[in-house]
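What follows is the residue order along each chain.
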Amino acid sequence: QYYVVVQVEDADRTTPNDLSRLYVKSTDGNLVQLSNLVTTNEGIVPENFPHFNRLRSVTVSAQLATGKTIGDGVAALEEMVKPLLPSGYTYAWDGETREFVESGSDTYILFGLALLFTFLILAAQFESWIHPITIFTGVALALAGGILVLYCTRFFGTAMTDNLFSRFGLIMLIGLVAKNGILIVEFANQLQIAGKNAFDAAFESATLRFRPILMTSIATVLGAVPIAFASGAGAETRNPMGIVIVGGLTIATFMTLFVIPIFYVLVDKLCIKFTGHSSAHGLKRAEEIAQEVDAPVLAK
């Protein structure tokens, strides 16, 4: 296919009056000068009519002020356009801002799925719907600590903001901090199965698990320090992730050693009050079922 464009020579179409000298064919086949049929008016119109998502659009571009982030700009513009747009008009984001808005909504979904799957895995591991909540108390402390440290960076050094990488750091904290809670709760359940009460089991578990929790947490924090304080090309995007991990894990490591055992004892008392069984009853019952299944095999 060849696209053919028929046009008058440039010298014959320099002014609007040149159009009046053109001839068009009438219904009876005779040529009629265009000036006898139409009148021309000069006015101002756009050079083109840009479209976005198949709708007529106008693009507004701007640069961020010093110390402001894309998130600040998005929030300010969303608040500004609401009273200004006429009825029937809407707005949409494009370019880097569009990527920021879409990635933000995606990370919220990932964060929710991470919490959901972590909860289900812990429920299956402990044969209980209660102890995942116990472990999530430590996760909540870590998330709050990570966000707090990220906010505090605006008071010292280079101010860091919430972005895609910091949200990935929060998702990583779910697994990193849940590990500490698992070490305490799992050993406390084993001590309860052995015959100890919830208070003694939680206290002994936190005491004996202190060293492995501290060792693994220090190793993880030191592994994230280079990301948090790195410099060079692209480091400013990765620094928030490292800061979130270092701050959240450091705060949660020391807080969970006290919060999780206390919450464990309180939850165990509630379980006994409402069900008549301890919080480790699911694991006890699982061991009994396993012994019943293995008994005929051993007899043979």
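Above this text sits the structure in question.
What counts, and at which threshold
Residues numbered from 1 in each chain as written. Predicted model: local features only at pLDDT ≥ 70, side-chain atom pairs only at ≥ 80, totals over all residues. Heavy atoms only, no water. Core = buried A, V, L, I, M, F, W, Y, C linked by side-chain atoms within 4.5 Å. Buried < 20%, exposed > 50% of the residue type's maximum accessible area, 1.4 Å probe, protein only. Helix = DSSP H or I, 4+ residues; strand = E, 2+ residues; numbered from the N terminus. Salt bridge = Lys/Arg side-chain N within 4 Å of Asp/Glu carboxyl O. Axes fitted to C-alpha atoms, helices over the stretch in contact; angles between N-to-C directions. Left-handed = near helix turned anticlockwise from the far one by under 90°. Contact = heavy atoms within 4.5 Å. Nonpolar A, V, L, I, M, F, W, Y, C, P; charged D, E, K, R; others polar. Phe/Tyr/Trp six-rings, centres within 6.5 Å; stacked < 30°, edge-to-face > 60°. Lys NZ or Arg CZ within 6 Å of the ring centre and 35° of its normal. Patch = residues over 30% accessible without salt bridge, like charges linked within 9 Å, V, L, I, M, F, W, Y side chains within 5 Å. Areas by Shrake-Rupley, 256 points an atom, 1.4 Å probe, with all protein chains shown as cover. Parallel < 35°, antiparallel > 145°, perpendicular 65-115°, else oblique.

Student: Can you tell me about the nonpolar core, naming the residues and giving the values?
Tutor: In terms of nonpolar packing, the biggest core is built from 40 residues, with Ile 135 and Leu 173 touching the most fellow members. The set of elements that each furnish at least two residues to this core consists of α2 (95-126), α3 (131-152), α4 (164-193), α5 (198-208), α6 (210-228) and α7 (235-275).

Student: An account of the pattern of salt bridges is needed here, citing residue identities and associated values.
Tutor: On inspection of all chains with the given rule, the structure shows three salt bridges. Here Asp 18 ties to Arg 21 by a salt bridge, and the two come within 2.8 Å at their closest N and O atoms. Asp 18 gets classed as buried once you look at its relative accessible area, which sits at 8%. With a relative accessible area of 47%, Arg 21 lands in the partly exposed category. Glu 204 serves as the salt-bridge partner of Lys 196, at 2.2 Å between the closest nitrogen and oxygen. With a relative accessible area of 37%, Lys 196 lands in the partly exposed category. We classify Glu 204 as partly exposed; its relative accessible area is 23%.

Student: Mind laying out the packing of α3 against α4, listing which residues take part and the relevant values?
Tutor: At their nearest, the axes of α3 and α4 sit 8 Å apart, and the two run at 145 degrees to each other. In terms of crossing hand, the pair formed by α3 and α4 is right-handed. Facing His 131, Thr 134, Ile 135, Gly 138, Val 139, Ala 142, Leu 143, Ile 147 and Leu 150 of α3, the residues of α4 in contact are Ser 166, Leu 170, Leu 173, Ile 174, Val 177, Ala 178, Gly 181, Ile 182, Val 185 and Asn 189. Residues of the contact of α3 with α4, tallied by class, amount to 13 nonpolar, six polar and no charged.

Student: Please give an account of unusual backbone geometry that cites residues and values.
Tutor: Positive phi outside glycine occurs at Asn 53, with the angle close to 55 degrees. Tracing the backbone through its elements, the reader meets Asn 53 in the loop between β3 (51-52) and β4 (55-56). Given the relative accessible area of 52%, Asn 53 is considered exposed. The phi torsion at Arg 54 lies on the positive side, around 65 degrees, for a residue other than glycine. Among the residues examined, Arg 54 registers a relative accessible area of 81% and is labelled exposed.

Student: Talk me through the packing of aromatic side chains; I want residue IDs and the actual numbers.
Tutor: One pass over the structure, following the stated rule, counts three aromatic pairs. Clustering of aromatic rings is evident, with ring pairs tying together Phe 119, Trp 129 and Phe 136. Over the aromatic face of Phe 187 sits the side chain of Arg 209, whose NZ or CZ is 4.8 Å from the ring centroid.

Student: Quick rundown of the side chain of Ser 166? Include the residues and the values.
Tutor: Along the polypeptide, Ser 166 turns up in helix α4. In contact with Ser 166, not counting residues within four places along its chain, are Leu 150, Thr 161, Pro 240, Met 241 and Val 244.

Student: Go over a nonpolar patch on the surface with me, naming the residues and quoting the values.
Tutor: A cluster of nonpolar side chains, Ile 109, Leu 113, Leu 116, Phe 117, Leu 120, Ile 121 and Trp 129, forms an exposed patch at the surface whose accessible area comes to about 740 Å². With respect to the element layout, Phe 117 can be found in helix α2.

Student: Requested: an account of the packing of α4 against α7, with residues and values cited.
Tutor: Where α4 contacts α7, the two axes come as close as 8 Å, and the packing angle between them is 25 degrees. Here α7 runs roughly parallel to α4, going by the angle between their axes. Taken as a pair, α4 and α7 cross one another with a handedness that is right-handed. For the contact of α4 with α7, the per-class residue count stands at 20 nonpolar, ten polar and two charged.

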